[in-house]
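Chains, contacts and geometry: an overview
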Amino acid sequence: MIHFVILINRQGKLRLTKWYSTYSQKERSKVIRELSGIILTRGPKLCNFVEWRGLKVVYKRYAGLFFCMCIDQDDNELETLVIIHHYLEVLNRYFYTVCELDLIYNFHKAHYILDEILLAGELQESSRRTIARLVAAQDSLVETAKEQPRLLGDMVTQAF
């Protein structure tokens, strides 16, 4: 089971978090501070797995971002790396070469895509096509909701 997902840039700034286990706000801050210190100081030639508090943290650096997932001790690290890569591929498909600014300004989309991939800390959907279709459907719903007040306003003005 995945306990949490954290995206950190090279300066240690937090870009995205998703928690699947219960942590208080104080614990979350401590976890982020500890893990960013551990991961950012590791050399590039070291492995992408860190044992931490009886759990494993699997991370992968893509450009200037570290994608980190905390898993149980007996979970497969390579499968977690595949999930991280899958998430990045879906982000790339949606944003057309994702960058850190895409995640900053469209964090709600990054969360939505992550929610389509993972459910309660387990892999939910592995098909990039299905995820892209679902995200496009949600985008069209948002556009329809934005146009709805305009349509209602037009109907009111036509009634008078």
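Read on for an overview of the structure. Note that this is a predicted model, so its numbers are computed, not measured.

Right, let's talk about the pairing of strand 2 (residues 14-19) for a bit. Bridge analysis of strand 1 (residues 2-9) against strand 2 gives five bridges, and the strand direction is antiparallel. Residue Ile8 lies in a different strand from strand 2, and its bridge partner there is Leu14. In this structure, the hairpin formed by strand 1 and strand 2 is closed by a connection of four residues, where Gly12 is found at a positive phi of approximately 90 degrees.

What follows deals with the sheet that holds strand 3 (residues 49-52). The sheet built from five strands is open, its strands ordered 2-1-5-4-3 with antiparallel pairing. Each of the sheet's edge strands pairs with one partner strand only, and the pair in question is strand 2 and strand 3. Going across the sheet, the axis of each strand differs from the next one's by a mean of 20 degrees, ignoring polarity. Strands in contact with helix 1 (residues 25-41) are strand 1, strand 2, strand 3, strand 4 (55-62) and strand 5 (65-71); relative to strand 1, the strand with the most contacts, it is inclined by about 60 degrees.

Within the element layout of this structure, Ser140 appears in helix 5 (residues 128-159). Residue class for Ser140 comes out partly exposed when judged on its relative accessible area of 41%.

A separate point is helix 2 (residues 77-95). A rise of 1.5 Å per residue sets the reference length of helix 2, with its 19 residues, at 27 Å; its end C-alpha atoms lie 27 Å apart and thus fit the reference within 8%. Backbone nitrogen of Leu78 and a side-chain oxygen of the N-cap are separated by 3.0 Å at the start of helix 2; the cap is Asn76. Where helix 2 ends, the next residue or the one after it, Tyr96, has phi of about 55 degrees, a positive value.

Relative to the helices and strands, Arg129 is located in helix 5. Classification of Arg129 by relative accessible area gives exposed; the value is 68%. On a C-alpha basis, the gap between Arg129 and Gly37 in space is 36 Å, while along the polypeptide they are 92 residues apart.

In total, this model carries eight aromatic pairs according to the counting rule given. Aromatic side chains Phe4 and Trp19 sit 4.8 Å apart centroid to centroid with 45 degrees between the ring planes, which places their arrangement in the tilted category. Taken together, the residues Phe4 in strand 1 and Trp19 in strand 2 connect sequence positions 15 residues apart. Residue classification places Phe4 among the buried positions, given a relative accessible area of 1%. Geometrically, the ring pair formed by Phe4 and Tyr23 is edge-to-face, given 5.8 Å between the ring centres and 80 degrees between the ring planes. Pair noted here: Phe4 is in strand 1 and Tyr23 is in the loop between strand 2 and helix 1, with a separation of 19 residues, a long-range link.

One finds Ile2, Val5, Phe67, Tyr87, Leu91, Ile113 and Leu118 to be the most contacted residues of the largest nonpolar core, which totals 28 residues. For this core, the elements supplying multiple residues, two or more each, are strand 1, strand 4, strand 5, helix 2, helix 4 (107-117) and helix 5. The dominant element in this core, judged by the number of residues it contributes, is helix 2, at eight residues. In this structure Val5 touches Leu16, Thr17, Lys18, Tyr20, Cys68, Met69, Leu114 and Leu118, once residues within four positions along its chain are discounted. Residues Tyr23, Ile39, Val57 and Cys68 belong to the second largest nonpolar core, which totals 17 residues.

The next thing to look at is the pairing of strand 3. What you see with strand 3 is a clean split: Val50 and Trp52 sit on the buried side and Phe49 and Glu51 on the side with no burial. Sheet topology note: the strand 3/strand 4 ladder contains four bridges and is antiparallel. If you follow Val50 over to strand 4, its bridge partner there is Val57. Following strand 3, the chain reverses through two residues before pairing antiparallel with strand 4; Arg53 in that reversal takes a positive phi of roughly 50 degrees.

Rules used throughout
Residues numbered from 1 in each chain as written. Predicted model: local features only at pLDDT ≥ 70, side-chain atom pairs only at ≥ 80, totals over all residues. Heavy atoms only, no water. Pairing = 2+ DSSP bridges. Helix = DSSP H or I, 4+ residues; strand = E, 2+ residues; numbered from the N terminus. Axes fitted to C-alpha atoms, helices over the stretch in contact; angles between N-to-C directions. Contact = heavy atoms within 4.5 Å. Buried < 20%, exposed > 50% of the residue type's maximum accessible area, 1.4 Å probe, protein only. Expected span 1.5 Å × (residues − 1). Polar contact = N/O pair within 3.5 Å; in protein donor to acceptor, adjacent residues only side chain to side chain. Phe/Tyr/Trp six-rings, centres within 6.5 Å; stacked < 30°, edge-to-face > 60°. Core = buried A, V, L, I, M, F, W, Y, C linked by side-chain atoms within 4.5 Å.

That is the geometry; function is a separate question.
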